[in-house]
Amino acid sequence: MNSSTDTVPKPLAWRAAPEHPHLNLGFIPLSDCAPLVVAQQMGFFGACGLEVTLTREPSWANIRDKVCFGSLDGGQMLAGMPIAASLGADAFQMPMVTAFSMSLNGNAITVAEPLYQRLKEIEPALCRRGPQDASPLKTLIEQDKARGKPPMRFAMVFPCSSHNYLLRYWLAAAGIDPDHDVELCVIPPPQMVSQLREGWIDGFCVGEPWNSVAVEEGVGSVLICSYDIWNNHPEKVLGVTRDFAERYPDTHLALVVALIQAARWLDDPAHRAEAATLLARPEYLNLPEQLLQAGLCGQFRHRRDTEIRPMPDFHVFHRYAANFPWVSHAQWLITQMLRWGQIQPPLDVPALAAEIYRPDIYRRAAAVLGLPCPPENGKPEGIHEQSWLLATHNDSFDLGPDRFLDGAVFDPSGARPDNPPTSRPGCHEH
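Small disclaimer: the values here were computed from a predicted structure and weren't measured. (Residues numbered from 1 in each chain as written. Predicted model: local features only at pLDDT ≥ 70, side-chain atom pairs only at ≥ 80, totals over all residues. Heavy atoms only, no water.)

**Thoughts on the pairing of strand β7 (residues 183-186)**
Step number 1: For strand β6 (residues 153-156) and β7, the ladder comprises four bridges, and the chain directions are parallel. Opposite R153, over in β7, you have E183 as the bridge partner.
Step number 2: Each parallel crossover has a hand, and for β6 linked through helix α7 (residues 162-173) to β7 it is right-handed. (Pairing = 2+ DSSP bridges. Helix = DSSP H or I, 4+ residues; strand = E, 2+ residues; numbered from the N terminus. Right-handed = clockwise from strand over helix to strand, strands pointing away.)

**Here's the deal with the pattern of salt bridges**
Step number 1: Applying the stated criterion to the full structure yields 23 salt bridges.
Step number 2: A salt bridge links E57 to K66; its shortest N-O distance comes to 3.0 Å.
Step number 3: Classification of E57 as buried rests on a relative accessible area of 3%.
Step number 4: Looking at K66, the relative accessible area reads 30%, which means it is partly exposed.
Step number 5: Put simply, E217 and R197 hold a salt bridge, and the shortest N to O gap is 2.6 Å. Placement of the pair is E217 in helix α9 (residues 210-217) and R197 in helix α8 (residues 192-197), with a sequence separation of 20 residues.
Step number 6: Through salt bridges that share partners, D267, R272, D313 and R319 make up one connected network. (Salt bridge = Lys/Arg side-chain N within 4 Å of Asp/Glu carboxyl O. Buried < 20%, exposed > 50% of the residue type's maximum accessible area, 1.4 Å probe, protein only.)

**Digging into the packing of helix α13 (residues 272-279) against helix α14 (residues 289-296)**
Helices that pack against each other are described as a pair by the angle of their axes relative to one another and the distance between those axes.
Step number 1: Between α13 and α14, whose axes approach to 9 Å, the crossing angle comes to 135°. With respect to each other, α13 and α14 are oriented oblique. Note that α13 runs across α14; the crossing there is right-handed. Counting all contacts with α13, which are made through R272, A273, A275, A276, T277 and L279, the residues of α14 involved are E289, L292, Q293 and L296.
Step number 2: Here the contact of α13 with α14 is built from residues that sort into six nonpolar, two polar and two charged. (Axes fitted to C-alpha atoms, helices over the stretch in contact; angles between N-to-C directions. Parallel < 35°, antiparallel > 145°, perpendicular 65-115°, else oblique. Left-handed = near helix turned anticlockwise from the far one by under 90°. Contact = heavy atoms within 4.5 Å. Nonpolar A, V, L, I, M, F, W, Y, C, P; charged D, E, K, R; others polar.)

Dropping the structure here:
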């Protein structure tokens, strides 16, 4: 399919019709809710025998609560949300699973203009150097502390989110203690820009289009994109309760099949502008198309007065095996929950990750479409600075760079129940 005027996809049939075809799915008004919107608007849900109602929610906590209590059947979730709910790292405990990764990358760290100007006094070439480490910020934090000023306040969208973990990673890599040197708070994505404009926060880590909105309004400047902290990190997933997945296996399978097709459609560059048109509609993001195109079309601007920085991988929806729910991604997220005290050891990290991230279900969905899958459930992260080829006996997969900002390597292969995998310094290319 090449445009919204194409015919509806042909119905797909396998095993049995969905047991529970009428679904309510939640989403947050962000650019990377696109697979849900495209699956709805382009007919992929219908072709899989599903009648879906998409519900825009004000916060991630709303989606979590409504899925847990059954008023939503599932929805767009942060990659860490099914893990946090399953492990009781958040408000309450509810076993969840994900069999589909919706996207990679898509976030950025933006600071208020007054803070940006202070950073420029320390680093005059700030606007020309591209992605910024947090070293100039550390200098300002030390100056403010010596003068008795209160700590700077940075917002992220949810405690168990890549936004929180990558913001902390960025700060910690420069020697900033995220729990003592700054104040971190939770703000829903649509409220970020207004909070920045009013001076309640000094910066935030959020997904698009809210960084572009801050830049366009002249109230903020982007220091670094999440891709530059961890190339091709996991971002959003489809989340359902374990009970839903077990009670309605064919419905769950149909949902994953539809979303794989939507993600493939999205990763055709010719479709990105059309995706922005769909997302701009009032029932979805209700924003100007040009703001949505910045991230979706890889034309990202860090400041109003700077040139566009081409970033074709700012949003990745299907390529690089992006939809595969890598168990190693879940393991990394669990280690971050351990690192920052959200959960406590001892934990059997590999076993827990494999209960929540379900590549076995994804493989069944991919088989319906005749698509190959990686043979392994995990992979090391941080060892590829360039795109690379994962070759098997039967297939090969083009995977993207996976480097961390500080050159660390995360290798889950040596994990034991009493010895969670950790990152180690160094970057080695295969």
